[in-house]
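# Architecture and fold: a report
Now for the letters of each chain:
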Amino acid sequence: MLLTACGNDEGQTSEENQNTDETETSEESNNEEEVTDNESADAGVVNLYTGRHYDTDQALYDQFTEETGIEVNVIKGKDDELIARLEREGEASEADLFITADAGRLHRAKEADLLQPLESDVVSENVPEKYRDPENYWIGLTKRARIIAYHTDRVDPEDYQTYESLTAPEAEGKVLIRSSSNVYNQSLVASFIALDGEEEAKTWAEGILANMAREPKGGDRDQAKAVAADEGDVAVMNTYYLGRMLNSEDEEEVKVAEQLGVIFPDQDGAGTHVNISGIGLTTSSKNTENAKAFVEFLTSEEAQGQFAEANYEYPVNPNVEAAEVLQTWGEFKEQDINLAELGEHNNRAIQIMNEVGWE
(Lines give C-alpha, C1' and ligand atoms only; values in the text may rest on other atoms or scores of the structure.)
Protein backbone atom coordinates (compact mmCIF):
# COMPACT_ATOMS: atom_id res chain seq x y z
CA MET A 1 0.00 0.00 0.00
CA LEU A 2 2.88 2.37 0.64
CA LEU A 3 4.16 1.75 -2.85
CA THR A 4 0.73 2.29 -4.30
CA ALA A 5 0.44 5.58 -2.45
CA CYS A 6 3.54 6.80 -4.24
CA GLY A 7 1.69 6.41 -7.49
CA ASN A 8 -0.62 9.38 -7.14
CA ASP A 9 0.00 12.40 -9.36
CA GLU A 10 -0.83 15.79 -7.92
CA GLY A 11 -3.11 17.99 -9.96
CA GLN A 12 -3.80 15.45 -12.57
CA THR A 13 -6.67 14.27 -14.07
CA SER A 14 -9.85 13.08 -14.96
CA GLU A 15 -11.19 10.03 -15.88
CA GLU A 16 -8.24 9.14 -14.39
CA ASN A 17 -8.11 11.00 -11.34
CA GLN A 18 -5.04 12.62 -10.07
CA ASN A 19 -3.03 10.21 -12.13
CA THR A 20 -4.43 11.30 -15.42
CA ASP A 21 -5.31 14.42 -17.20
CA GLU A 22 -8.92 15.04 -16.82
CA THR A 23 -8.38 17.69 -14.25
CA GLU A 24 -6.83 19.48 -17.15
CA THR A 25 -10.30 19.97 -18.58
CA SER A 26 -13.43 21.70 -17.42
CA GLU A 27 -15.25 18.40 -17.67
CA GLU A 28 -14.07 17.24 -14.28
CA SER A 29 -16.47 17.64 -11.45
CA ASN A 30 -16.37 16.42 -7.91
CA ASN A 31 -20.03 16.91 -7.18
CA GLU A 32 -21.48 13.65 -5.96
CA GLU A 33 -25.08 12.50 -6.07
CA GLU A 34 -25.73 10.49 -2.97
CA VAL A 35 -27.53 7.18 -3.53
CA THR A 36 -30.20 6.27 -1.03
CA ASP A 37 -30.98 2.88 0.45
CA ASN A 38 -34.38 2.95 -1.25
CA GLU A 39 -32.74 3.47 -4.61
CA SER A 40 -30.26 0.66 -4.11
CA ALA A 41 -33.08 -1.76 -3.31
CA ASP A 42 -35.01 -0.68 -6.43
CA ALA A 43 -34.78 -3.23 -9.24
CA GLY A 44 -34.97 -0.33 -11.69
CA VAL A 45 -31.57 1.19 -10.89
CA VAL A 46 -27.86 0.62 -11.23
CA ASN A 47 -25.44 2.61 -9.06
CA LEU A 48 -22.18 3.69 -10.66
CA TYR A 49 -18.97 5.09 -9.19
CA THR A 50 -16.91 6.59 -11.99
CA GLY A 51 -13.65 8.43 -12.42
CA ARG A 52 -14.68 9.54 -15.92
CA HIS A 53 -16.17 13.02 -16.20
CA TYR A 54 -17.39 13.35 -19.76
CA ASP A 55 -20.71 14.73 -20.92
CA THR A 56 -20.67 12.10 -23.63
CA ASP A 57 -20.60 9.33 -21.01
CA GLN A 58 -23.70 10.80 -19.38
CA ALA A 59 -25.42 10.80 -22.75
CA LEU A 60 -24.79 7.05 -22.97
CA TYR A 61 -26.16 6.53 -19.46
CA ASP A 62 -29.30 8.44 -20.42
CA GLN A 63 -29.70 6.35 -23.56
CA PHE A 64 -29.42 3.14 -21.52
CA THR A 65 -32.16 4.39 -19.20
CA GLU A 66 -34.37 5.32 -22.14
CA GLU A 67 -33.95 1.89 -23.72
CA THR A 68 -34.27 -0.24 -20.56
CA GLY A 69 -36.06 1.84 -17.94
CA ILE A 70 -33.12 1.23 -15.58
CA GLU A 71 -31.99 4.46 -13.93
CA VAL A 72 -28.24 5.04 -13.72
CA ASN A 73 -27.30 6.79 -10.47
CA VAL A 74 -23.85 8.31 -10.87
CA ILE A 75 -21.26 9.29 -8.29
CA LYS A 76 -18.20 10.97 -9.81
CA GLY A 77 -14.82 11.44 -8.19
CA LYS A 78 -11.12 10.95 -8.62
CA ASP A 79 -10.24 7.36 -9.36
CA ASP A 80 -8.02 6.59 -6.38
CA GLU A 81 -10.40 8.39 -4.04
CA LEU A 82 -13.26 6.22 -5.29
CA ILE A 83 -11.20 3.09 -4.63
CA ALA A 84 -10.59 4.34 -1.09
CA ARG A 85 -14.29 5.06 -0.70
CA LEU A 86 -15.21 1.54 -1.77
CA GLU A 87 -12.75 0.18 0.78
CA ARG A 88 -14.27 2.32 3.55
CA GLU A 89 -17.84 1.41 2.68
CA GLY A 90 -17.21 -2.30 2.29
CA GLU A 91 -20.28 -4.50 1.85
CA ALA A 92 -22.48 -1.57 2.86
CA SER A 93 -21.54 0.30 -0.30
CA GLU A 94 -24.39 1.11 -2.65
CA ALA A 95 -22.09 0.91 -5.67
CA ASP A 96 -22.85 -1.74 -8.28
CA LEU A 97 -20.16 -0.79 -10.78
CA PHE A 98 -16.82 1.02 -10.75
CA ILE A 99 -15.29 2.71 -13.80
CA THR A 100 -11.67 3.85 -13.78
CA ALA A 101 -8.76 4.50 -16.11
CA ASP A 102 -5.78 2.16 -16.28
CA ALA A 103 -5.61 -1.61 -15.96
CA GLY A 104 -3.29 -1.17 -12.99
CA ARG A 105 -6.00 0.53 -10.97
CA LEU A 106 -8.52 -2.12 -11.93
CA HIS A 107 -6.08 -4.79 -10.75
CA ARG A 108 -5.64 -2.89 -7.49
CA ALA A 109 -9.41 -2.88 -6.96
CA LYS A 110 -9.53 -6.61 -7.67
CA GLU A 111 -6.70 -7.37 -5.23
CA ALA A 112 -8.49 -5.33 -2.56
CA ASP A 113 -11.57 -7.60 -2.96
CA LEU A 114 -13.65 -4.70 -4.21
CA LEU A 115 -14.73 -6.49 -7.39
CA GLN A 116 -16.40 -9.77 -8.28
CA PRO A 117 -16.48 -11.65 -11.60
CA LEU A 118 -19.01 -10.58 -14.19
CA GLU A 119 -19.93 -13.50 -16.42
CA SER A 120 -21.59 -12.59 -19.71
CA ASP A 121 -21.40 -14.27 -23.11
CA VAL A 122 -22.38 -10.94 -24.66
CA VAL A 123 -19.46 -9.11 -23.06
CA SER A 124 -17.06 -11.91 -24.00
CA GLU A 125 -18.23 -11.58 -27.59
CA ASN A 126 -17.90 -7.78 -27.56
CA VAL A 127 -14.51 -7.48 -25.82
CA PRO A 128 -11.41 -9.47 -26.80
CA GLU A 129 -9.75 -11.51 -24.08
CA LYS A 130 -6.66 -9.29 -23.82
CA TYR A 131 -8.84 -6.36 -22.69
CA ARG A 132 -10.52 -8.36 -19.93
CA ASP A 133 -9.30 -9.67 -16.61
CA PRO A 134 -8.57 -13.41 -17.00
CA GLU A 135 -11.24 -14.11 -14.38
CA ASN A 136 -13.60 -11.36 -15.63
CA TYR A 137 -13.21 -9.15 -12.57
CA TRP A 138 -12.98 -6.18 -14.93
CA ILE A 139 -13.70 -5.41 -18.58
CA GLY A 140 -12.14 -2.78 -20.83
CA LEU A 141 -14.43 -0.11 -22.25
CA THR A 142 -12.04 2.07 -24.25
CA LYS A 143 -8.34 1.98 -25.09
CA ARG A 144 -5.59 4.48 -25.83
CA ALA A 145 -2.06 4.07 -27.14
CA ARG A 146 0.99 5.64 -25.46
CA ILE A 147 2.80 7.13 -28.43
CA ILE A 148 5.74 9.41 -29.22
CA ALA A 149 4.61 12.84 -30.41
CA TYR A 150 7.25 14.83 -32.28
CA HIS A 151 7.66 18.30 -33.76
CA THR A 152 7.26 17.89 -37.49
CA ASP A 153 9.64 20.75 -38.36
CA ARG A 154 12.52 19.76 -36.08
CA VAL A 155 12.46 15.98 -35.91
CA ASP A 156 13.03 13.16 -38.38
CA PRO A 157 10.53 10.52 -37.21
CA GLU A 158 12.90 7.78 -38.32
CA ASP A 159 15.07 8.72 -35.32
CA TYR A 160 12.34 7.74 -32.84
CA GLN A 161 10.74 4.51 -34.00
CA THR A 162 11.11 2.68 -30.68
CA TYR A 163 10.67 3.41 -26.99
CA GLU A 164 14.35 2.55 -26.64
CA SER A 165 15.27 5.37 -29.05
CA LEU A 166 14.16 7.82 -26.36
CA THR A 167 17.11 6.64 -24.25
CA ALA A 168 19.78 7.00 -26.98
CA PRO A 169 22.60 9.56 -26.47
CA GLU A 170 21.26 11.55 -29.43
CA ALA A 171 18.03 12.17 -27.50
CA GLU A 172 19.73 13.83 -24.55
CA GLY A 173 17.80 16.91 -23.43
CA LYS A 174 14.98 16.29 -25.92
CA VAL A 175 12.46 14.02 -24.15
CA LEU A 176 9.34 15.35 -22.40
CA ILE A 177 7.38 13.01 -20.15
CA ARG A 178 5.22 13.11 -17.05
CA SER A 179 6.25 12.18 -13.52
CA SER A 180 6.75 8.68 -12.19
CA SER A 181 3.63 9.11 -10.08
CA ASN A 182 1.55 9.14 -13.24
CA VAL A 183 -0.23 5.82 -13.59
CA TYR A 184 0.21 5.80 -17.37
CA ASN A 185 3.99 5.86 -17.04
CA GLN A 186 3.84 3.22 -14.33
CA SER A 187 1.87 0.96 -16.65
CA LEU A 188 4.31 1.66 -19.49
CA VAL A 189 7.22 0.50 -17.33
CA ALA A 190 5.12 -2.44 -16.11
CA SER A 191 4.64 -3.49 -19.73
CA PHE A 192 8.41 -3.52 -20.22
CA ILE A 193 8.78 -5.71 -17.13
CA ALA A 194 6.22 -8.12 -18.59
CA LEU A 195 7.94 -8.20 -21.98
CA ASP A 196 11.65 -7.91 -21.20
CA GLY A 197 12.17 -8.32 -17.46
CA GLU A 198 13.05 -5.98 -14.61
CA GLU A 199 16.64 -5.22 -15.63
CA GLU A 200 15.67 -4.05 -19.10
CA ALA A 201 12.84 -1.97 -17.67
CA LYS A 202 15.24 -0.34 -15.20
CA THR A 203 17.77 0.41 -17.94
CA TRP A 204 15.03 2.12 -19.94
CA ALA A 205 13.91 4.21 -16.96
CA GLU A 206 17.51 5.28 -16.34
CA GLY A 207 17.85 6.32 -19.97
CA ILE A 208 14.67 8.34 -19.89
CA LEU A 209 15.82 10.17 -16.78
CA ALA A 210 19.15 11.00 -18.44
CA ASN A 211 17.46 12.42 -21.55
CA MET A 212 14.68 14.50 -20.00
CA ALA A 213 14.41 18.02 -21.40
CA ARG A 214 13.17 19.26 -18.01
CA GLU A 215 11.94 17.93 -14.70
CA PRO A 216 8.59 16.19 -15.13
CA LYS A 217 5.58 18.42 -14.65
CA GLY A 218 2.01 18.67 -15.86
CA GLY A 219 -0.12 16.26 -17.83
CA ASP A 220 0.03 14.90 -21.35
CA ARG A 221 -1.26 18.11 -22.88
CA ASP A 222 1.52 20.02 -21.13
CA GLN A 223 4.14 17.78 -22.71
CA ALA A 224 2.68 18.52 -26.14
CA LYS A 225 2.68 22.25 -25.43
CA ALA A 226 6.31 22.06 -24.31
CA VAL A 227 7.28 20.48 -27.63
CA ALA A 228 5.54 23.32 -29.50
CA ALA A 229 7.39 25.82 -27.27
CA ASP A 230 10.75 24.24 -28.20
CA GLU A 231 11.44 22.97 -24.67
CA GLY A 232 12.02 19.52 -26.13
CA ASP A 233 11.58 17.67 -29.40
CA VAL A 234 9.51 14.61 -28.49
CA ALA A 235 6.83 13.83 -25.91
CA VAL A 236 5.40 10.60 -24.54
CA MET A 237 1.62 10.94 -24.42
CA ASN A 238 -1.68 9.14 -24.92
CA THR A 239 -3.42 9.31 -28.26
CA TYR A 240 -6.76 10.55 -27.00
CA TYR A 241 -5.24 13.73 -25.56
CA LEU A 242 -3.81 14.62 -28.94
CA GLY A 243 -7.13 13.81 -30.59
CA ARG A 244 -8.95 16.06 -28.15
CA MET A 245 -6.44 18.87 -28.70
CA LEU A 246 -6.87 18.70 -32.47
CA ASN A 247 -10.62 19.09 -31.99
CA SER A 248 -10.51 21.52 -29.08
CA GLU A 249 -12.52 24.74 -28.83
CA ASP A 250 -9.28 26.33 -27.60
CA GLU A 251 -7.52 27.63 -30.71
CA GLU A 252 -4.13 27.55 -28.99
CA GLU A 253 -4.49 23.85 -28.24
CA VAL A 254 -5.36 23.21 -31.88
CA LYS A 255 -2.28 25.17 -33.02
CA VAL A 256 -0.07 23.12 -30.71
CA ALA A 257 -1.49 19.79 -31.88
CA GLU A 258 -1.16 20.71 -35.55
CA GLN A 259 2.61 21.02 -35.10
CA LEU A 260 2.94 17.43 -33.89
CA GLY A 261 3.29 14.11 -35.64
CA VAL A 262 2.49 10.67 -34.22
CA ILE A 263 4.83 7.69 -33.94
CA PHE A 264 3.53 4.29 -32.83
CA PRO A 265 6.73 2.83 -31.33
CA ASP A 266 8.14 -0.66 -31.78
CA GLN A 267 6.18 -1.67 -34.87
CA ASP A 268 9.03 -3.96 -35.88
CA GLY A 269 9.29 -5.33 -32.34
CA ALA A 270 6.96 -5.87 -29.41
CA GLY A 271 4.43 -3.23 -30.50
CA THR A 272 3.01 -0.05 -28.99
CA HIS A 273 1.85 0.09 -25.37
CA VAL A 274 -1.94 0.25 -24.97
CA ASN A 275 -3.99 0.87 -21.84
CA ILE A 276 -7.71 1.08 -21.09
CA SER A 277 -10.53 2.62 -19.18
CA GLY A 278 -12.50 -0.25 -17.71
CA ILE A 279 -15.41 -1.30 -15.55
CA GLY A 280 -15.86 -3.82 -12.75
CA LEU A 281 -18.80 -5.28 -10.84
CA THR A 282 -18.43 -4.45 -7.14
CA THR A 283 -18.57 -7.09 -4.44
CA SER A 284 -21.22 -4.95 -2.76
CA SER A 285 -23.54 -4.90 -5.78
CA LYS A 286 -27.22 -5.30 -4.98
CA ASN A 287 -28.37 -4.88 -8.58
CA THR A 288 -26.15 -7.35 -10.38
CA GLU A 289 -28.49 -8.15 -13.28
CA ASN A 290 -28.99 -4.47 -14.03
CA ALA A 291 -25.23 -3.97 -13.78
CA LYS A 292 -24.63 -6.84 -16.21
CA ALA A 293 -27.10 -5.35 -18.69
CA PHE A 294 -25.37 -1.98 -18.39
CA VAL A 295 -21.92 -3.43 -19.14
CA GLU A 296 -23.35 -5.33 -22.10
CA PHE A 297 -24.76 -2.06 -23.39
CA LEU A 298 -21.50 -0.12 -22.94
CA THR A 299 -19.56 -2.76 -24.88
CA SER A 300 -22.11 -2.90 -27.71
CA GLU A 301 -21.23 -1.61 -31.17
CA GLU A 302 -23.52 1.40 -30.80
CA ALA A 303 -22.13 2.57 -27.48
CA GLN A 304 -18.55 1.82 -28.51
CA GLY A 305 -19.02 3.99 -31.59
CA GLN A 306 -20.12 6.89 -29.42
CA PHE A 307 -17.14 6.46 -27.09
CA ALA A 308 -14.83 6.52 -30.09
CA GLU A 309 -16.31 9.54 -31.86
CA ALA A 310 -16.84 11.72 -28.82
CA ASN A 311 -13.60 11.27 -26.91
CA TYR A 312 -11.07 10.04 -29.49
CA GLU A 313 -10.47 6.78 -27.67
CA TYR A 314 -10.04 3.51 -29.52
CA PRO A 315 -13.00 1.14 -29.14
CA VAL A 316 -12.33 -2.24 -27.52
CA ASN A 317 -15.08 -3.82 -29.63
CA PRO A 318 -13.25 -4.98 -32.77
CA ASN A 319 -16.32 -4.40 -34.94
CA VAL A 320 -16.23 -0.64 -34.34
CA GLU A 321 -14.00 1.78 -36.21
CA ALA A 322 -11.92 4.46 -34.51
CA ALA A 323 -12.70 8.15 -34.95
CA GLU A 324 -11.64 9.63 -38.28
CA VAL A 325 -8.70 11.59 -36.86
CA LEU A 326 -7.31 8.41 -35.28
CA GLN A 327 -7.71 6.56 -38.56
CA THR A 328 -5.52 9.17 -40.27
CA TRP A 329 -2.65 8.09 -38.01
CA GLY A 330 -2.92 4.57 -39.42
CA GLU A 331 -3.22 1.11 -37.94
CA PHE A 332 -0.62 -0.14 -35.52
CA LYS A 333 0.65 -3.26 -33.79
CA GLU A 334 -0.03 -3.49 -30.04
CA GLN A 335 2.04 -5.14 -27.33
CA ASP A 336 0.96 -8.76 -27.06
CA ILE A 337 0.22 -8.97 -23.35
CA ASN A 338 -2.94 -9.31 -21.31
CA LEU A 339 -3.45 -5.95 -19.64
CA ALA A 340 -3.86 -7.65 -16.28
CA GLU A 341 -0.06 -7.86 -16.27
CA LEU A 342 0.12 -4.08 -15.97
CA GLY A 343 -1.44 -4.35 -12.55
CA GLU A 344 0.60 -7.36 -11.54
CA HIS A 345 3.86 -5.47 -12.19
CA ASN A 346 2.71 -2.04 -10.98
CA ASN A 347 4.43 -2.11 -7.59
CA ARG A 348 7.74 -3.19 -9.07
CA ALA A 349 7.43 -0.51 -11.77
CA ILE A 350 7.04 2.15 -9.08
CA GLN A 351 10.05 0.75 -7.22
CA ILE A 352 12.21 0.86 -10.34
CA MET A 353 11.24 4.45 -11.14
CA ASN A 354 12.00 5.46 -7.57
CA GLU A 355 15.33 3.61 -7.61
CA VAL A 356 16.57 5.50 -10.68
CA GLY A 357 15.44 8.87 -9.31
CA TRP A 358 12.54 9.51 -11.68
CA GLU A 359 10.46 12.03 -9.75
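Our structure's up above, just so we're on the same page.
Residues numbered from 1 in each chain as written. Predicted model: local features only at pLDDT ≥ 70, side-chain atom pairs only at ≥ 80, totals over all residues. Heavy atoms only, no water.

### Quick notes on the overall build of the protein
The test is simple: Helix and strand labels come from DSSP, where a helix needs a run of H or I of at least four residues and a strand needs a run of E of at least two; each type is numbered from the N terminus. With a 1.4 Å probe rolled over the protein chains alone, any residue whose accessible area is under 20% of its type maximum counts as buried; one over 50% counts as exposed, and the rest are partly exposed. Contacts are assigned to residue pairs that have any heavy atoms within 4.5 Å of one another. Areas reported as accessible are Shrake-Rupley estimates using a 1.4 Å probe. Residue values count occlusion only from the protein chains shown.
Counting its secondary structure elements, the protein contains 16 helices and 10 strands. Burial statistics for the protein: of 359 residues in total, 59% are counted as buried. Pairs at least 24 residues apart make up 78% of the contacts formed inside the protein by residues separated by at least 6 positions. Put simply, the protein shows about 14,200 Å² of open surface, and 42% of that area lies on carbon and sulfur atoms.

### Details of the side chain of Lys 110
Structurally, the position occupied by Lys 110 is in helix α5 (residues 103–111). Lys 110 has contacts with Leu 115, Asp 133, Glu 135 and Tyr 137, leaving out every residue within four places of it along the chain.

### Side note on the packing of aromatic side chains
The condition that has to hold: Stacked, tilted and edge-to-face are the three classes applied to pairs of Phe, Tyr and Trp rings, where Trp contributes its six-membered ring and a pair requires centres within 6.5 Å; stacked means planes under 30 degrees apart, edge-to-face means over 60, and tilted covers the rest.
As enumerated under the stated definition, the model contains nine aromatic pairs in all. Where Phe 64 meets Phe 294, the ring centres are 4.9 Å apart and the plane angle is 65°; that geometry is what we call edge-to-face. Of this pair, Phe 64 sits in helix α3 (residues 55–68) while Phe 294 sits in helix α12 (residues 288–298), and the two are 230 residues apart along the sequence. By the burial criterion, Phe 64 is buried, and Phe 294 matches it. Cluster of aromatic residues (ring-pair linked, three or more members): Tyr 61, Phe 64, Phe 294 and Phe 297.

### Observations concerning the pattern of salt bridges
This is how the line gets drawn: By definition here, a salt bridge exists when the distance from a side-chain nitrogen of Lys or Arg to a carboxyl oxygen of Asp or Glu is within 4 Å.
A complete count under the given rule lists 21 salt bridges for this structure. A salt bridge links Arg 154 to Asp 233; the nearest nitrogen and oxygen atoms lie 3.0 Å apart. Of this pair, Arg 154 sits in the loop between β5 (139–151) and β6 (175–176) while Asp 233 sits in the loop between α9 (220–228) and β7 (234–238), placing them 79 residues apart in sequence. Exposure remark for Arg 154: the relative accessible area of 32% places this residue in the partly exposed category.

### Some points on a negative patch on the surface
We count it as follows: Grouping into patches uses exposed residues only, defined as over 30% relative accessible area, and leaves out salt-bridged ones; the cut-off is 9 Å for like charges and 5 Å for nonpolar side chains (Val, Leu, Ile, Met, Phe, Trp, Tyr). The charge count treats Lys and Arg as positive and Asp and Glu as negative. His and the chain ends do not count. Here the site of a charge means NZ on Lys, CZ on Arg, CG on Asp, or CD on Glu.
Together, Asp 62, Glu 66, Glu 67, Glu 71 and Glu 302 make up a negatively charged patch on the protein surface. For the negative patch, the element with the highest residue contribution is α3, accounting for three residues. Secondary-structure assignment places Glu 66 in helix α3. Relative accessible area serves as the criterion here: at 71%, Glu 66 is assigned to the exposed category.

### Things to note about empty space enclosed by the protein
The test is simple: Put simply, the grid is 1 Å and covers the protein atoms alone, a cavity is a trapped set of points that fit a 1.4 Å probe, a pocket is an open set with protein on both sides within 12 Å along at least five of seven lines, and lining residues have an atom within 4 Å of a point. Grid points are joined across faces, edges and corners, and a volume is the space filled by probe spheres set on the points. Three classes are used, and their members are as follows: Ala, Val, Leu, Ile, Met, Phe, Trp, Tyr, Cys and Pro are nonpolar, Asp, Glu, Lys and Arg are charged, and the others, Gly among them, are polar.
What the rule picks out here adds up to two cavities of 30 Å³ or more. Estimated volume of the largest cavity: approximately 40 Å³. Together, Lys 130, His 273, Val 274, Glu 334, Gln 335, Ile 337, Leu 339 and Leu 342 line the largest cavity. Here the residues of the lining of the largest cavity are counted per class, giving four nonpolar, two polar and two charged. Of the voids in this model, the second largest cavity is the one considered here, and its volume is about 30 Å³. Forming the boundary of the second largest cavity are Thr 50, Arg 52, His 53, Tyr 54, Asp 57, Gln 58, Tyr 61 and Lys 76. For the lining of the second largest cavity, the element with the most residues is α3, which contributes three residues.

### Details of the pairing of β5
Heads up, the condition is: Note: two strands are recorded as paired if DSSP finds a minimum of 2 bridges between them.
The buried fraction of β5 amounts to 13 of the 13 residues, a majority that puts the element mostly inside the structure. One ladder, built from six bridges, connects β5 with strand β9 (residues 274–282); its direction is antiparallel. Its bridge partner being in β9, Gly 140 is matched across the sheet by Gly 278. Judged from the two bridges that link them, β5 and strand β10 (residues 314–315) form a sheet pairing that is antiparallel. What sits directly across from Lys 143, in β10, is Tyr 314. Judged from the five bridges that link them, β5 and β7 form a sheet pairing that is antiparallel. Looking at the pairing, Ala 149 lines up with Ala 235 of β7. As defined by bridge partners, β5 adjoins strand β8 (residues 260–263) across four bridges and the pair is classed as antiparallel. The partner of His 151 across the bridge, within β8, is Leu 260.

### Some remarks on the nonpolar core
Just so we agree on the cut-off: Nonpolar cores are built from buried Ala, Val, Leu, Ile, Met, Phe, Trp, Tyr and Cys residues. Side-chain atoms within 4.5 Å join them into one set.
Counting residues in each nonpolar core, the largest one holds 71 residues, and the members touching the most others are Leu 97, Phe 294 and Trp 358. When near neighbours in sequence (up to four residues on either side) are disregarded, Phe 294 contacts Val 46, Leu 48, Tyr 61, Phe 64, Val 72 and Leu 97. Ala 101, Ala 226, Leu 242 and Ala 257 belong to the second largest nonpolar core, which has 30 residues in total.

### Re the side chain of Arg 214
Going by this rule: Contacts described as polar in this section are N or O atom pairs within 3.5 Å, which, within protein, must combine one atom able to donate a hydrogen with one able to accept it, while residues neighboring in sequence count only if both atoms come from side chains.
As for its position among the elements, Arg 214 is in the loop between α8 (198–211) and α9. Since its relative accessible area comes to 19%, Arg 214 is described here as buried. At 3.0 Å, the side chain of Arg 214 forms a polar contact with the side chain of Glu 231.

### What to know about the packing of helix α7 (residues 183–196) against α8
Where we set the bar: Note on definitions: angles span 0 to 180 degrees between N-to-C directions of axes, and those axes are lines fitted to C-alpha atoms, for helices only across the stretch in contact. Small angles under 35 degrees read as roughly parallel and large ones over 145 as roughly antiparallel, with 65 to 115 read as roughly perpendicular and the rest as oblique. We call a crossing left-handed when the near helix sits turned anticlockwise from the far one by less than a right angle, and right-handed when that turn is clockwise.
It is the contact of α7 with α8, at a shortest axis distance of 7 Å, that shows an interaxial angle of 140°. By the criterion of interaxial angle, the relationship of α7 to α8 is oblique. Pair α7 / α8 crosses with right-handed handedness. Contact with α7, carried on its side by Leu 188, Val 189, Phe 192, Ile 193 and Asp 196, involves Glu 198, Glu 200, Ala 201 and Trp 204 of α8 and no other residues of that element. Taken together, the residues that form the contact of α7 with α8 break down as six nonpolar, no polar and three charged.

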